[in-house]
Amino acid sequence: MICSHGIPVGDRSRQDVGARAFVRARRLVGVRFRPQGYDPATGLDCVGLVWAAYAAAGRRLVRPRDYPLRGWSRERIVAALGRAGFAAVDGPRQSGDVALVALAAGQFHLVLMGADRCVHAHAGLRRVVETPLDAGLMAAPRWRLTQEA
């Protein structure tokens, strides 16, 4: 299998953790959606997907608990990303970046980004999906796991 950057998956020495996490997220496509879900065996939400993908890539992250489906402030989400070891980034997108998307009704959504695709837990479709990146996602604020985390 080849990741979005064209580096063989088995060559861990040449891949960073973000690229490995995106490859692992792609393997979770089809897993059912479950609010507050963090285990692929029982279902994932958008937070659980990001955390499960990074865990499968070899990086365990501090996971937020008891967050609501709606009404969690942007500040609390950014703080949770920071506690997990992510930092806000500008500039070129990298596989494994996490986009924060504001949805209607005060809801936020995390999306794991690749070079030209993304993976996310889609509540409406009730499963993890992979879709092409659109202009809105490419412009969304992004976070990247720091090497110190």
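Residues numbered from 1 in each chain as written. Predicted model: local features only at pLDDT ≥ 70, side-chain atom pairs only at ≥ 80, totals over all residues. Heavy atoms only, no water.

Asks: Give a description of the nonpolar core that names residues and reports values.
Replies: The biggest cluster of nonpolar side chains holds 34 residues, and the ones touching the most others in it are Trp-51, Tyr-54, Phe-86 and Leu-110. Elements supplying a minimum of two residues to this core: helix 1 (17-26), helix 2 (46-56), helix 3 (74-84), strand 4 (98-103), strand 5 (107-113), strand 6 (117-122) and strand 8 (142-145). Broken down by element, the residue count for this core peaks at 8 residues, all from helix 2. For Trp-51, the contacting residues outside a window of four places in its chain are Leu-61, Val-62, Arg-63, Pro-64, Leu-81, Ala-84 and Leu-110. (Core = buried A, V, L, I, M, F, W, Y, C linked by side-chain atoms within 4.5 Å. Buried < 20%, exposed > 50% of the residue type's maximum accessible area, 1.4 Å probe, protein only. Helix = DSSP H or I, 4+ residues; strand = E, 2+ residues; numbered from the N terminus. Contact = heavy atoms within 4.5 Å.)

Asks: Could you give an account of the sheet that holds strand 7 (residues 127-132), with specific residues and numbers?
Replies: Ordered by their spatial adjacency, 6 strands build an open sheet running 3-8-4-5-6-7, and the pairing between neighbours is antiparallel. The two strands at the open ends of the sheet, each matched to only one other strand, are strand 3 (86-89) and strand 7. Along the sheet, successive strands turn relative to each other by an average axial angle of 35 degrees, direction set aside. Against the sheet, helix 1 engages strand 5, strand 6, strand 7 and strand 8, with an angle of about 55 degrees to strand 6. (Pairing = 2+ DSSP bridges. Axes fitted to C-alpha atoms, helices over the stretch in contact; angles between N-to-C directions.)

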